[in-house]
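Residues per chain are reported as follows:
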Amino acid sequence: MRAEYFHRWMDLLVARLEPGERVLARGRAFEPRDALRFDLSSVVSGPGCAVVVTERRARWVSRDDQRWVRSLPLDLVRSSTEITQAHRYALALDHQGIERLQWVPAHQLLWWSWGNAEAVRPVTSSALAFSRRDTKAARAIRSRLQAVGVPAGEPRSLPPHRRRGQELPYRVLRA
């Protein structure tokens, strides 16, 4: 059973659909801060965000505030990269510049920063992580990107997550 907040987020996304826009998939995803420097086992936890995929775009949100709705028109995507770590899965998308509301430090002095503020900043990459590769939303994004001819980069596989003091179970297979 999904939590009440998830239903509110999904309603927020569906309300923003344009007339004639058809929903291909709905689901849960996670938005890592840095697509190429993260551990999927720590990203894919907590409430995540609601995601809706249509023929034209992917939209996602992780709070009740509509200012934080993310929208990525799929025809702006230049390339995609699939990232896996065990059964966890993510799509890193490079796209044309779009402006997006982001958390930024409220104060900065030389290299030290602190506090929370919001600012609209240009971004040229987005990433969505999923609990596994075969979720409806992940499949819908991949199929739409393929349909519009977006080139797929070389898939990346992150090393397995190791907990402190825990050995990898397949240690004998390593050289």
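Keep in mind that this is a model prediction, so the values were computed, not measured.

What counts as what
- Residues numbered from 1 in each chain as written.
- Predicted model: local features only at pLDDT ≥ 70, side-chain atom pairs only at ≥ 80, totals over all residues.
- Heavy atoms only, no water.
- Pairing = 2+ DSSP bridges.
- Helix = DSSP H or I, 4+ residues; strand = E, 2+ residues; numbered from the N terminus.
- Contact = heavy atoms within 4.5 Å.
- Axes fitted to C-alpha atoms, helices over the stretch in contact; angles between N-to-C directions.
- Phe/Tyr/Trp six-rings, centres within 6.5 Å; stacked < 30°, edge-to-face > 60°.
- Buried < 20%, exposed > 50% of the residue type's maximum accessible area, 1.4 Å probe, protein only.
- Lys NZ or Arg CZ within 6 Å of the ring centre and 35° of its normal.
- Polar contact = N/O pair within 3.5 Å; in protein donor to acceptor, adjacent residues only side chain to side chain.

A. Just the sheet that holds strand E9 (residues 117-130), in detail. Strand order in the open sheet formed by four strands is E9-E6-E5-E10, with mixed pairing between adjacent strands. A strand with exactly one partner marks an edge of an open sheet, and here the two such strands are E9 and strand E10 (156-157). Across the sheet, helix H3 (residues 136-147) touches strand E5 (77-85), strand E6 (88-104) and E9, and the angle it forms with E6 is around 80 degrees.

B. View of the packing of aromatic side chains. In this structure the tally under the stated criterion is four aromatic pairs. Measuring from centroid to centroid gives 5.0 Å for Trp68 and Trp103, while their planes differ by 25 degrees, and the two rings are stacked. Residue Trp68 is located in the loop between strand E3 (57-61) and strand E4 (70-73), and its partner Trp103 is located in strand E6; the two are separated by 35 residues in the primary sequence. Note on Trp68: relative accessible area 4%, which makes it buried. The exposure class assigned to Trp103 is partly exposed, which follows from its relative accessible area of 37%. The ring of Trp68 carries the charged tip of Arg63 above its face, separated from the ring centre by 4.5 Å.

C. Broad picture of the environment of Arg57. Within the secondary structure, Arg57 is located in strand E3. According to the relative accessible area criterion, Arg57 is buried, its value standing at 12%. Sequence spacing of Arg57 and Leu74 is 17 residues, and the spatial spacing of their C-alpha atoms is 5.0 Å. A distance of 3.1 Å separates the side chain of Arg57 from the side chain of Glu21, its partner in a polar contact.

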